[in-house]
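# Architecture at a glance
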Amino acid sequence: MTIFQFPQDFRWGTATASYQIEGAAQEGGRGVSIWDTFARTPGKVFNGDNGDVACDSYHRYEEDIALMKKLGINTYRFSIAWPRIIPDGDGEINREGLDFYHRFVDALLDAGIEPFLTLYHWDLPQTLEDDGGWGNRRTVDAFVKYAEVIFKEFSGKINFWLTFNEPWCIAFLSNMLGIHAPGNKDVQTAINVAHGLLVAHGKAVQSFRRMGITGQIGIAPNVCWAEPYSKSAEDQAACDRSIALNTDWFLDPIYKGSYPQFLVDWFAEAGATVPIQDGDMEIISEPIDLLGINYYTMGINRHNPEAGVLQSEEMNMGLIKTDIGWPVESRGLYEFMHYLQKYGNVDVYITENGACINDDLENGKINDDRRISYYEQHLAQIHRIINDGINLKGYMAWSLMDNYEWAEGYRMRFGLVHVDFRSLVRTPKESFYWYQNVIKNNWLEIRN
Ligand SMILES: CCOCCOc1ccc(-c2cn(C[C@@H]3NC[C@@H](O)[C@H]3O)nn2)cc1
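Presented here is a report on the structure given in the accompanying data block.

Definitions and cut-offs
Residues numbered from 1 in each chain as written. Predicted model: local features only at pLDDT ≥ 70, side-chain atom pairs only at ≥ 80, totals over all residues. Heavy atoms only, no water. Pairing = 2+ DSSP bridges. Helix = DSSP H or I, 4+ residues; strand = E, 2+ residues; numbered from the N terminus. Axes fitted to C-alpha atoms, helices over the stretch in contact; angles between N-to-C directions. Near = heavy atom within 4 Å. Polar contact = N/O pair within 3.5 Å; in protein donor to acceptor, adjacent residues only side chain to side chain. Areas by Shrake-Rupley, 256 points an atom, 1.4 Å probe, with all protein chains shown as cover.

### Here's the deal with the sheet that holds strand E9 (residues 298-303)
- Strand order in the open sheet made by the three strands is E7-E9-E10, with mixed pairing throughout. Looking at which strands have only one partner, the edges of the open sheet turn out to be strand E7 (225-228) and strand E10 (312-314). Averaged over all neighbouring strand pairs, the angle between strand axes comes to 45°, with direction disregarded.
- As defined by bridge partners, E9 adjoins E10 across three bridges and the pair is classed as antiparallel.

### Focus: the site of the ligand
- Residues in contact with the ligand amount to 15 residues; listed here are only the nearest, Gln20, His121, Glu352, Glu405 and Trp406.
- His121 is positioned such that a nitrogen or oxygen atom in its side chain is 2.8 Å from an oxygen atom of the ligand.
- Glu405 is positioned with one of its side-chain polar atoms (N or O) 2.7 Å from an oxygen atom of the ligand.
- The protein chains hide 69% of the 580 Å² of surface that the ligand would expose on its own.

### Observations regarding the sheet that holds strand E3 (residues 75-79)
- Pairing within the closed barrel is parallel, and its eight strands lie in the order E2-E3-E4-E5-E6-E8-E11-E12. Between one strand and the next, the sheet's axes are offset by a mean angle of 25°, whatever the strand orientation.
- As paired strands, E3 and strand E4 (residues 114-120) are joined by five bridges and run parallel to one another. Note that in E4 the partner of Arg77 across the bridge is Phe116.

Have a look at this one:
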């Protein structure tokens, strides 16, 4: 038996997002988001699943908070639905939406749980998408207005703030690959979206500083760690492109004030350019306080001219996979965290990490041993990373409960708590009790 002790002030938490858990999609004055539209577009989401009900957390949040308290977390990452706050994107403020989130945040604080807020977790008001989305500066300005409303309302209650969740997904998964909402398949559109959200991020951080808001603010990129299939320079370059598009494409502008030139040149070859306006890069590089890092898996990639714009193909290496098909390989998290040091030893929180394991109830229990094994491996890497002196300050498991997994609908389950999507009954899985013990002890026991 090996014991890994975590720092006394290490934050333990779980994460969710508004569209994935709230439901009540037509209640409380909420407007339409691009995910309401995308989910209703035939062929886009498995089984045509949508977030109309989801986990019904809009009505059941007190039950959810009771589960968080039972789990023993001290931090809970969630997102606010922009369409609940400004239903048409940049018009009137919906007081009912603000009041809902005040009730929720107050209940979290009463339970001794620190709110860790994501301002934008993919549910863009449809009216803004109809007018060009993130590629239109109207959306950028609308986001700043929305962010300033939230800053003003929750300053003093919330101390941890993220502007955007997984900018690569917002830009490239959703506008170059078309897999997520709004479903565009155009590389220039994706680059315009990426740039727009970066400008919106920078302007929001500037507002945060100007308004003297409490706490720390940052952004949460997702990680795509990749190692070369062969020792060829071509395969290594293919890995560099994959890693950089998820990370450097966003963090170079923020930390260095410029895009990674090798990728700018790569996209120029494909006929796509970044629509930089005067002053943009100064805005984007407004200093931030923390990074959220979302890690799930890593790839073994090779150069393949047929493998999309990046020409980087992920190979199937026969590794153990989760039920969504992602290889279980925690080593990539360790390698990535050292790669991240090129931006300095910045404060980092793992804002998402978890496994899609679709075990179901058996005699009233969910024996999700594979999820426990996944978490054991990844928390052991977290311990190594901290021991190396990297400022990793906290960990949020994705997810508290099974929820709407975007284009996969409800078939892919990432929760520590099982949700019966017919009855909405929540049932803690065996991994919930395993994580509860890790948090209680603040250490990890690894069976040798
Ligand atoms: C066939 C080609 O495939 C290209 C890659 O396609 C995907 C799909 C999905 C993801 C993805 C999903 N998640 C989990 C979410 N993170 C945020 C939170 O809301 C979770 O639900 N992270 N990444 C990545 C890549």
